[in-house]
Amino acid sequence: MIKVVKFGGSSLASAEQFKKVGAIIREDADRRFVVPSAPGKRHSRDTKVTDMLYECYALAAEGKEYTGKLAKIKDRYDSIIKGLDLTISLDNEFAVISKNFKKKAGTDYAASRGEYLNGIIMAAYLGFEFIDAAEVIFFDEHGNFLSDKTNEVLSARLENCEHAVIPGFYGAKESGAVHTFSRGGSDITGSIVSRAVHATIYENWTDVSGFLVSDPRIIENPAVIHTITYRELRELSYMGAGVLHEDAIFPVRKEGIPINIRNTNAPQDPGTMIVESTCHQPEYTITGIAGLRGFVAVNIDKDMMNSEVGYCRRVLQAFEDYDISIEHMPSGIDTMTVFVQQKDFEGKEQQVLSAIHKYADPDQIEIESDLALVAVVGRGMKSTRGTAGRIFSALAHAQINVKMIDQGSSELNIIIGVSNDDFERAIRSIYDIFVETRL
């Protein structure tokens, strides 16, 4: 077996956490390839190293004094090195970083140094080979990930490598400039490495014992999902469930490699298995509930809309002209509603409305703001009668007005629109009826 193990920032925030990680890796000889994140928070009032790097580089880019902040970042790493009784020094690395900050090497370079430095420490602590991600993970000059080139180079590099540490979150453009994935991108690196080595399993270690049915900030001690499919996870991640970066699914999904979400602080817990498909029935009818606030509904009315070929396309052209992504688009015979993120729409609303009038000549347009979307996801919904009825019964009982309903043909999820003010109550009411009471 070959296991790729990725550890999040909270798992590597201190020397004590490093020791837990070391014990996990050493207890299983199959854990051969390690992807570390940058050090996270040691306590609630602490600052993540990545955020410290962003702040430090912003000062350098403005020509302000930044060496004091850089010294504090170095202290974080030195405390980990000292706590692990290592003899390595990062003095030369920080001298190079300071030099590149003065040269204004860019925010991507600055942010990536958190993982880079943690990778050096991890490799020294484990006695593994260190491989700089900038040498094996590639982007084009526009920042698009070069999947095939990366897989070819990384596979060749790791083919005869017994053990290695590859820092997460970053790679390099063809010019050699460091480029990062979006925040949380170490998950993606772990998935890329898993594909390259044809891993048996990709273990993603974090600070929770698996994927939860709902947000623990809304539901107290929510149930753990034992098995979830890639498709279910994709739906929940897109709607804000944040245990795993949503783009981390794609490289392993192509290869049929399962992901196991585990807890560094409770390694005995089995966590959540993320798989392509499974015969295991979910414990509950639903697999998970997730959602996001901050949407706008643009309601468009036009008599005989259904008889006008290309009407929807003309409406959507108005949003495309102003680079606004569409979230959902429920429709009727003479009506259609376009849901978009409010932060993207607010500054362009009048231009978009003008464009809709120009392209589609509607009878009326109405805008409703401050909306939230709640996704109820589950492979068990398709084979269970009355699931939608139970959802809306729960919402009605909680006196929540439903603004929108959207269900795909796969019957894997139901999207419900409610007001921002009703968002948390909606999630609690749905969780209660499916998980707590199971009515």
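So, a few notes on the structure that sits alongside this text.

Thresholds, definitions, all that
Residues numbered from 1 in each chain as written. Predicted model: local features only at pLDDT ≥ 70, side-chain atom pairs only at ≥ 80, totals over all residues. Heavy atoms only, no water. Helix = DSSP H or I, 4+ residues; strand = E, 2+ residues; numbered from the N terminus. Rg over C-alpha atoms; globule rule 2.2 N^0.38 Å. Buried < 20%, exposed > 50% of the residue type's maximum accessible area, 1.4 Å probe, protein only. Contact = heavy atoms within 4.5 Å. Areas by Shrake-Rupley, 256 points an atom, 1.4 Å probe, with all protein chains shown as cover. Axes fitted to C-alpha atoms, helices over the stretch in contact; angles between N-to-C directions. Parallel < 35°, antiparallel > 145°, perpendicular 65-115°, else oblique. Left-handed = near helix turned anticlockwise from the far one by under 90°. Expected span 1.5 Å × (residues − 1). Bend = angle between axes of the 7 residues up to and from the residue. Pairing = 2+ DSSP bridges.

**Quick look at the overall build of the chain**
- Scanning the chain from terminus to terminus reveals 14 helices and 18 strands.
- Over its C-alpha atoms the chain spans a radius of gyration of 24 Å, differing by no more than 12% from the 22 Å that the globule rule assigns to 439 residues.
- Put simply, the chain has 439 residues, and 53% of those count as buried.
- Here the contacts in the chain between residues at least 6 apart in sequence split such that 74% fall between residues at least 24 apart.
- With an accessible surface of roughly 19900 Å², the chain has 46% of that area assigned to carbon and sulfur atoms.

**Brief notes about the packing of helix H13 (residues 387-397) against helix H14 (residues 423-436)**
- Between H13 and H14, the shortest axis-to-axis distance is 9 Å and the interhelical angle comes to 130 degrees. Classified by the angle between their axes, H13 and H14 sit oblique to one another. The handedness of the crossing between H13 and H14 comes out as right-handed. Where H13 approaches H14, its residues Thr387, Arg390, Ile391, Ala394 and Leu395 are matched on the opposing element by Ala426, Ser429, Ile430, Ile433 and Phe434.

**Topic: helix H5 (residues 107-126)**
- For H5, with 20 residues, the first-to-last C-alpha span of 30 Å sits near the 28 Å given by 1.5 Å per residue.
- Along its length, H5 shows its largest kink, about 35 degrees, at Arg113.
- Most of H5 is tucked away, with 17 of its 20 residues classed as buried.
- With its phi angle positive at about 75 degrees, Gly127 sits one or two positions after the end of H5.

**Quick look at the sheet that holds strand S14 (residues 288-301)**
- Strands sit in the order S15-S14-S16-S18-S17 across an open sheet of five strands; the sheet is antiparallel. Among the strands making up the open sheet, the edge pair consists of strand S15 (335-341) and strand S17 (404-407). Ignoring which end each strand starts from, the neighbouring axes of this sheet average 35 degrees apart.
- Docked against the sheet, helix H8 (residues 230-238) engages S14, strand S16 (364-377) and strand S18 (413-419), running at close to 65 degrees with respect to S14.
- Across the face of the sheet, H13 comes into contact with S16, S17 and S18 while running at roughly 15 degrees to S18.

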